[in-house]
Amino acid sequence: MSRKSSYNIYDTTTEAWKGLYRAIEGAKKSIYWEVYILVDEGTGIDFFELLKRKVEEGVGVKLIVDYWGSFALSNKKIESLKESGIDIRLFSQSRNIFRGFRQWLTRRTHRKILIVDEHIGFIGGVNISKYSKNWKDIHVMLKGKVVHSLLRSFAKTYILCGGKRKDVKHLLKYKYRVENDNIDFIYDHSGRKYSRGRKKYIEALRKARERVILFSPYYLPDRQLLKEMWLARKRGVKIDLLIPLRTDLKIAKYTAYAFFSLFYKRGIRIHLTKKMMHGKGVVVDDKWAMIGSTNIEPGSFYHNQEANVQLSDRRMVKKLKRILERWIGDAKQFDNDSWKKRGRWHKFKEKIAKKLYKFWFRFK
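What comes next concerns the included structure. The structure presented is a predicted model; accordingly, all values stated were derived computationally and were not measured.

Bringing the packing of aromatic side chains into the picture now. Two numbers describe a pair of aromatic rings. These are the distance of the centres and the angle of the planes. According to the stated counting rule, one finds 15 aromatic pairs in the structure shown. Ring plane angle 65° and centroid distance 5.4 Å describe the contact between Trp33 and Phe47, whose orientation is recorded as edge-to-face. Here Trp33 is found in strand S2 (residues 30-35), whereas its partner Phe47 is found in helix H2 (residues 47-56), with 14 residues between them in sequence. Taking the relative accessible area as the measure of exposure, Phe47 reaches 0% and is therefore buried. Taken together, Tyr21, Trp33 and Phe47 form an aromatic cluster joined through their ring pairs.

One face of the sheet, then the other: side chains in a regular strand alternate in exactly this way. Taken across its 7 residues, strand S3 (residues 60-66) has 6 buried, putting it largely inside the fold. Pairing between S2 and S3: 6 bridges, direction parallel. When the bridges of S3 are listed, Val35 appears paired with Val65. Considered for its hand, the β-α-β crossover made up of S2, H2 and S3 is right-handed. In terms of strand pairing, S3 meets strand S4 (residues 87-91) through 5 bridges, oriented parallel. Note that in S4 the partner of Ile64 across the bridge is Arg89.

This next bit is on the sheet that holds S2. Sheet architecture is open: 7 strands sit in the order S1-S7-S6-S5-S2-S3-S4, paired in mixed fashion. Pairing within the sheet leaves two strands with one partner each, and these edge strands are strand S1 (7-12) and S4. Going from strand to strand, the sheet's axes swing by 10° on average, the running direction of each strand aside.

The rules behind each value
Residues numbered from 1 in each chain as written. Predicted model: local features only at pLDDT ≥ 70, side-chain atom pairs only at ≥ 80, totals over all residues. Heavy atoms only, no water. Phe/Tyr/Trp six-rings, centres within 6.5 Å; stacked < 30°, edge-to-face > 60°. Helix = DSSP H or I, 4+ residues; strand = E, 2+ residues; numbered from the N terminus. Buried < 20%, exposed > 50% of the residue type's maximum accessible area, 1.4 Å probe, protein only. Pairing = 2+ DSSP bridges. Right-handed = clockwise from strand over helix to strand, strands pointing away. Axes fitted to C-alpha atoms, helices over the stretch in contact; angles between N-to-C directions.

Spelled out as structure tokens, the structure:
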């Protein structure tokens, strides 16, 4: 990649929105966008009107939004988008509740990828919704042939959503494999028993020699992940866990709380961001990092469509690390003595949240 403008890392939702908007505004040929939540009312940025305008200019627009994530998107709005010429698809693994309630409710596309003119790509954790406007988040812009992998991924999901194969046949010619030593994409598909995203988190803990920074808004590690964390600590690896003090999902918040004292005893440093932090990923030493949509919890590992990018370019890794270091510096450090004094009601909510989470995702 060229050193000037081949990539950019955004560290807030609003900055990422501006980057997405500028890229879409400059589109000449095509816009392919797959996103979990795309509800632009109240965001201050009218993406839908911009997309309609691009269609009028002759740009082909294909849009995939998750059925559940974008539930607030009204049928009236969807119809107006279709009438304007936007090819919009709703992702839902199964529309029939009677053919499997768990599958019907839990499987979704959690990816956040945008490709403009088959040349500019975005990937990360950023959704489009008013309540996420002031969040800390991580989103990456990449340019060049590296985005071809994202095009193939989009085409596969488009077909899964009922789109015609012939309409994206030209995108299927691309391969998932990226011919660039510094970049690799990690995809997971809904309903599988194996997670490439989870494998990367484990790989980070196994390969680290000095330090691992894990960051995720929702945190429920399984036994193997916990074991790898303990083994890394035994080797002398420093582990920093960066999560929000309060997340937008209460069950996830109290589930994460249940692990705090255990982590503290193992020497894992817990940093609690005062603002909502929605970024997901890991940094290993100064060597490589992963950024994307995969949270460190079973839903992301085994139920959702997820997309991440692994970066080995030292400049990119250092830039991401500086962002995380700044967040850590502004965060509240976990105090185990104060934590022990929390009330019984708080402990009860932790216990119930953990049991519910384990039951729902069949956590082992």
